[in-house]
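So you can see what is in the structure, the chains are spelled out below.
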Amino acid sequence: MNSSARLRETLQQALHAQPQGTLCVGYSGGPDSTALLHALASLPEARARGLRAMHVDHQLHPQSAHWAAHCQAFCAMLELACDVHTANIDRLGGIGLEAAARHGRYAVFADQLGPGERLVLGHHQDDQVETVLLKLLRGAGPEGLGGMREQRPLGQGVAWRPLLALPRQVLRDYVDAHALSSIHDPSNHDTRLARNYLRHEIVPRLKAHWPQVAISITHSAKLSRAAADTLQQEWLPALETLRDNGTNSLDARGWLALPPAVREPLLAHWLHAQGLPAPTTSQRQQIERQCMAQHGQLPCIRWPGAELHVWKYRLWAMAPRKQPATLAELSWHGEPLELPGGGALTLEPAARLPIALTVRWRRGGERIKPAGDRHTRELRSLFQAGTIPPWQRDACPLLYEGDTLIAVADRWLNARAEAIFHEAGVRPHWRPGSSPT
């Protein structure tokens with residue numbers, strides 16, 4: 001069977017097995033997605049499911065606008081719609097440009113997919129081999145060694161990889177056989193990037209000694225995926241028990257008591273659900289050592305794209321915090337107020353205060369006499385005795401009337417603040433951001 005027939009037959013079988021959902025090809029313009037899109041466009045059953053394409057412009061290459069125009073022109077030739085969207089790439093997130101581009105791309109996909117729509121991706125067997133090897137070199141467990149899933153939820157739709165059993169060469173032969181024009185991104189040959197190094201330097205050497213290496217590795221990936229799915233039946237109920245719904249923190253001691261095979265995927269899933277990367281093996285071991293930190297200790301484990309705190313015997317994860325900046329005071333009449341670091345200060349129910357208050361930030365030495373308390377308290381002491389995590393305290397809004405501190409967010413109010421809010425029939429509400437500035 002030639003490559004054209006093999007690709008079409010694979011897609012026809014996949015479409016028959018997954019009959020529901022409209023189809024949107026994630027179209028980069030490269031050879032693999034070009035072969036995928038062209039082959040699908042030749043199948044009436046694919047067109048009947050509203051086949052379209054989506055191109056994401058990362059704006060990382062001078063020719064990116066030209067590439068987007070090429071993709072639209074190619075789709076016009078096939079009489080298919082092609083939507084072009086620009087990705088927001090976080091270059092300062094600490095996870096590397098390649099990973100940041102991938103996150104930005106999938107964020108666009110997730111935002112643009114319709115309900116039940118399938119994002120069809122051109123990942124093939126060689127991509128899967130590279131993924132498994134990368135995960136192996138990073139010390140991954142069964143979940144990582146299972147490689148890319150054939151399908152997974154994405155936004156309102158599903159990311160779908162129907163070509164994972166096909167070698168790259170089948171797609172390249174298809175492109176050649178049909179004389180299809182495609183984009184060749186020069187960054188794909190930069191062997192300073194880990195995946196490219198594996199692709200161009202390591203995998204060819206493996207194939208020279210073990211011709212069946214791709215089949216063997218993908219078979220091991222299937223076994224690892226099955227093992228990971230079995231383990232999920234244990235760690236998923238444990239996650240529900242250990243996670244606090246209000247704070248999304250984990251019981252550190254309960255997590256540490258789990259078997260390692262359950263502990264690792266639970267932590268990774270909890271982090272991924274927050275849009276954070278999982279730690280390496282050494283970083284996870286450091287987390288395990290710090291889980292029993294004594295009172296007064298505030299361990300923080302950092303890695304690119306995330307930081308994890310151990311506080312009050314619980315694990316708290318967030319994106320890396322930026323360095324504190326000098327924050328200007330704000331005038332507040334009760335309108336919804338967006339705070340630095342992503343937090344917000346509002347009134348419940350929404351209303352306008354009879355006087356203007358001033359919002360300031362900690363400088364040190366602040367004191368307040370909470371309503372009903374016989375003593376004036378240092379803010380530092382209140383924070384230590386309260387439930388505000390240390391990493392949120394510098395972003396906690398302090399409410400002043402003139403030069404007098406009358407409220408610490410919605411946590412501690414003096415008699416004057418109580419009177420002001422009672423008169424207006426409201427209460428202040430502070431929503432902390434994911435990380436302070």
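Reading the values: rules and limits
Residues numbered from 1 in each chain as written. Predicted model: local features only at pLDDT ≥ 70, side-chain atom pairs only at ≥ 80, totals over all residues. Heavy atoms only, no water. Helix = DSSP H or I, 4+ residues; strand = E, 2+ residues; numbered from the N terminus. Buried < 20%, exposed > 50% of the residue type's maximum accessible area, 1.4 Å probe, protein only. Phe/Tyr/Trp six-rings, centres within 6.5 Å; stacked < 30°, edge-to-face > 60°. Lys NZ or Arg CZ within 6 Å of the ring centre and 35° of its normal. Pairing = 2+ DSSP bridges. Contact = heavy atoms within 4.5 Å. Axes fitted to C-alpha atoms, helices over the stretch in contact; angles between N-to-C directions.

(A) Summary view of the environment of Pro390. If you trace the backbone, Pro390 turns up in the loop between α14 (379–385) and β17 (398–401). Since its relative accessible area comes to 23%, Pro390 is described here as partly exposed. On a C-alpha basis, the gap between Pro390 and Trp311 in space is 8.5 Å, while along the polypeptide they are 79 residues apart.

(B) Structural view of the packing of aromatic side chains. Within the structure shown, the criterion is met by six aromatic pairs. Aromatic side chains Trp311 and Trp391 sit 5.9 Å apart centroid to centroid with 80° between the ring planes, which places their arrangement in the edge-to-face category. Of the two residues, Trp311 sits in strand β9 (residues 306–311) while Trp391 sits in the loop between α14 and β17, which places them 80 residues apart along the sequence. Sitting over the face of the ring of Trp160, Arg118 holds its NZ or CZ atom 5.3 Å from the ring centroid. Above the face of the Tyr400 ring, Arg360 is positioned so that its terminal group lies 4.5 Å from the ring centre.

(C) Structural context of helix α2 (residues 31–41). The element α2 is extensively covered by neighbouring structure, given that eleven of its eleven residues are classed as buried. Buried within α2 we find Pro31, Asp32, Ser33, Thr34, Ala35, Leu36, Leu37, His38, Ala39, Leu40 and Ala41.

(D) Structural view of the sheet that holds β9. Spatially, the four strands line up as an open sheet ordered β7-β10-β9-β8, and their pairing is antiparallel. Both edges of this open sheet fall to β7 (250–251) and β8 (300–303), since each of them pairs with a single strand only. Two elements, β8 and β9, share four bridges in a ladder whose sense is antiparallel. Bridge assignment links Ile301 to a residue of β9, and that residue is Leu308. Here helix α12 (residues 260–272) sits on the sheet in contact with β7, β8, β9 and β10 (314–318), set at roughly 40° to β10. Taken strand by strand, helix α13 (residues 281–290) contacts β8, β9 and β10, and its axis lies near 170° from that of β8.

(E) View of the sheet that holds strand β4 (residues 118–120). Taken together, six strands build an open sheet; the order of strands is β3-β2-β1-β4-β6-β5 and the sheet is mixed. Looking at strand neighbours, the two that pair on one side only are β3 (82–86) and β5 (151–154), the edges of this open sheet. Neighbour to neighbour, the strand axes of the sheet diverge by 30° on average, direction disregarded. Bridge count for strand β2 (residues 52–57) against β3 is five bridges, and the pairing is parallel. In the strand pairing of β3, Asp57 is matched with Thr86. Most of the contacts of α2 go to strand β1 (residues 23–26), to which it runs at about 155°, and overall it touches β1, β2 and β4. The strands touched by helix α4 (residues 64–77) within the sheet are β2 and β3, with β2 carrying the most contacts at an inclination of about 175°.

(F) Up close: the environment of Leu315. Looking at the secondary structure, you find Leu315 in strand β10. Relative accessible area serves as the criterion here: at 0%, Leu315 is assigned to the buried category. When the C-alpha positions of Leu315 and Asn248 are compared, they lie 9.0 Å apart, and in sequence the two are 67 residues distant. Apart from residues lying up to four places away in sequence, Leu315 is in contact with Ser249, Leu250, Ala252, Trp255, Leu267, Trp270, Ile287, Cys291, Leu308, His309 and Val310.

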